Amino acid sequence: MKFPMNLRQTQWLTKTVTLFFVSILTAFSFRAHAQIEGQWKDTEKGITIFIYEQEGKYFGRLISSEDAEQNKQIQENGKIVLLRDFEKKSDTKFCCGTIFQPKAKRTLDATLYLEDDKTLKINASYGFFSGTKYWKRL
């Protein structure tokens, strides 16, 4: 019985096919799992927020401001957490958390949507009032 390929050719073909499929799966997995973690800019207020994951929930702390006086307060006060307890419901939806507004001293219920790799949509509500903001990734 004669085989059309020798053992060395068969091993090379197996490795090549395996490497091809691993490359394809890796590419799709990176695309499917867009990350919310990182630095985001609220261009309307001129602040930068760092979003991080802790014990399965997502939080966001204020790290800087374009306003020099506000930036000084941020550095003196240290860790000012604005986003709390967001849960990942899908690759693009993070819900059931809150956003703290320091100047108004109130907390809003909110849901975050990752619209694309560079845009975060925030839907927040306080009683019957609601609003939408957009942050850009830095």
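Above this text is the structure in question.
Below, the structure is looked at part by part. (Residues numbered from 1 in each chain as written. Predicted model: local features only at pLDDT ≥ 70, side-chain atom pairs only at ≥ 80, totals over all residues. Heavy atoms only, no water.)

Concerning the environment of N71
Link 1 in the chain: Structurally, N71 is set in helix α2 (residues 68–77).
Link 2 in the chain: Its relative accessible area of 22% is what places N71 among the partly exposed residues.
Link 3 in the chain: Here the alpha-carbon distance between N71 and I47, two residues 24 residues apart in the chain, equals 8.8 Å.
Link 4 in the chain: Apart from residues no more than four positions distant in its own chain, N71 is found in contact with I63, S64 and S65.
Link 5 in the chain: Of the polar contacts made by the side chain of N71, one reaches the backbone nitrogen of S65; its length is 3.2 Å. (Helix = DSSP H or I, 4+ residues; strand = E, 2+ residues; numbered from the N terminus. Buried < 20%, exposed > 50% of the residue type's maximum accessible area, 1.4 Å probe, protein only. Contact = heavy atoms within 4.5 Å. Polar contact = N/O pair within 3.5 Å; in protein donor to acceptor, adjacent residues only side chain to side chain.)

Brief notes about α2
Link 1 in the chain: Counting buried positions over the 10 residues of α2 gives 1, only a small fraction of the element.
Link 2 in the chain: At the exit of α2 stands G78, carrying a positive phi of roughly 80°.

Topic: the environment of G127
Link 1 in the chain: You can see G127 is positioned in the loop between β7 (119–126) and β8 (129–137).
Link 2 in the chain: For the pair G127 and L108, spaced 19 residues apart in sequence, the C-alpha to C-alpha distance is 8.6 Å.

Describing the layout of surface pockets
Link 1 in the chain: The space that makes up the largest pocket amounts to roughly 740 Å³.
Link 2 in the chain: Only α2, β4 (80–88), β5 (93–101), β6 (106–116), β7 and β8 provide two or more residues apiece to the lining of the largest pocket.
Link 3 in the chain: If you tally residues by element for the lining of the largest pocket, the top one is β8, at 6 residues.
Link 4 in the chain: The residue makeup of the lining of the largest pocket, split by class, is 15 nonpolar, 8 polar and 7 charged. (1 Å grid on protein atoms, 1.4 Å probe; cavity = no way out; pocket = protein on both sides within 12 Å on 5 of 7 lines; lining within 4 Å. Points joined across faces, edges and corners; volume = space filled by probe spheres on them. Nonpolar A, V, L, I, M, F, W, Y, C, P; charged D, E, K, R; others polar.)

Some remarks on the sheet that holds β5
Link 1 in the chain: Sheet architecture is closed into a barrel: 8 strands sit in the order β1-β2-β3-β4-β5-β6-β7-β8, paired in antiparallel fashion. Recorded for the sheet is a direction-independent mean angle of 30° between the axes of neighbouring strands.
Link 2 in the chain: Bridge analysis of β7 against β8 gives 8 bridges, and the strand direction is antiparallel. Within β8, the position partnered with T119 by the bridge is K136.
Link 3 in the chain: Packing against the sheet, α2 makes contact with β2 (47–54), β3 (57–65) and β4, and its axis sits at approximately 130° to β3. (Pairing = 2+ DSSP bridges. Axes fitted to C-alpha atoms, helices over the stretch in contact; angles between N-to-C directions.)

Structural notes on the pattern of salt bridges
Link 1 in the chain: Enumeration over the complete set of coordinates arrives at 6 salt bridges.
Link 2 in the chain: For K133, the salt bridge goes to D42, with nearest N and O atoms at 2.9 Å. Placement of K133 in strand β8 and of D42 in strand β1 (residues 38–42) is noted, with a sequence separation of 91 residues between them.
Link 3 in the chain: Close ionic contact of K89 with E87 constitutes a salt bridge, the shortest N to O distance being 3.4 Å.
Link 4 in the chain: Judged by relative accessible area, K89 falls into the partly exposed class, the value being 49%.
Link 5 in the chain: The exposure class assigned to E87 is partly exposed, which follows from its relative accessible area of 27%.
Link 6 in the chain: Within this structure, D42, E44 and K133 form a network of salt bridges that share partners. (Salt bridge = Lys/Arg side-chain N within 4 Å of Asp/Glu carboxyl O.)

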